[in-house]
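One letter stands for each residue in the lines below.
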Amino acid sequence: QEGQQVVVQVSDTGCGISPEVGARIFDKFYQGDTSHAAQGNGLGLALCKQILDDCGGTIRVENQSPCGCRFIVTLPEKMTGEEAKQEEAHGTGK
């Protein structure tokens, strides 16, 4: 937790992500590794980003040297403004 945000980091030890792929990885239908194209549609990370944007959060990816990458997700500790109003209107507010 950093200040008023919750931060989650997920790392792997794979082949990493090139700057070109990193720049587009959150685009709809983009698949950086086309060898798995039949196993997905390129929407997963785009949906994650949209949900986080709607909640006032962020997601980013960093290449880790010498291998792997790290995804950093931040979420506000408490929702404010429009997000809180929507939660309250739907009876799911905290």
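The following paragraphs examine the structure supplied in this document.

Conventions we followed
Residues numbered from 1 in each chain as written. Predicted model: local features only at pLDDT ≥ 70, side-chain atom pairs only at ≥ 80, totals over all residues. Heavy atoms only, no water. Core = buried A, V, L, I, M, F, W, Y, C linked by side-chain atoms within 4.5 Å. Buried < 20%, exposed > 50% of the residue type's maximum accessible area, 1.4 Å probe, protein only. Helix = DSSP H or I, 4+ residues; strand = E, 2+ residues; numbered from the N terminus. Contact = heavy atoms within 4.5 Å. Pairing = 2+ DSSP bridges. Axes fitted to C-alpha atoms, helices over the stretch in contact; angles between N-to-C directions.

### What to know about the nonpolar core
In terms of nonpolar packing, the biggest core is built from 10 residues, these being Ile17, Val21, Ile25, Phe26, Tyr30, Leu52, Ile59, Val61, Cys69 and Phe71. Among the secondary structure elements, those contributing two or more residues to this core are β2 (58–63) and β3 (69–76). With near-sequence residues (within four places) excluded, Ile25 lies in contact with Ile17, Tyr30, Leu45, Val61 and Phe71.

### Regarding the environment of Gly42
Here Gly42 is to be found in the loop between α1 (19–24) and α2 (44–54). Classification of Gly42 by relative accessible area gives buried; the value is 17%. The sequence separation of Gly42 and Tyr30 amounts to 12 residues, and the corresponding C-alpha distance is 5.0 Å. Other than its neighbours up to four places away in sequence, Gly42 contacts Asp27, Lys28, Phe29, Tyr30 and Gln31.

### Comments concerning the sheet that holds β3
Taken in spatial order, the three strands of this open sheet run β1-β3-β2, and their pairing is antiparallel. Only two strands of the sheet have a single partner each, and these edge strands are β1 (5–11) and β2. In this sheet, adjacent strand axes meet at a mean angle of 20° when their direction is disregarded. When β1 meets β3, the two strands line up antiparallel, connected through seven bridges. Across the sheet, the residue bridging to Val10 is Phe71, located in β3. The strands that α2 touches are β2 and β3; relative to β3, the one it contacts most, it runs at about 25°.

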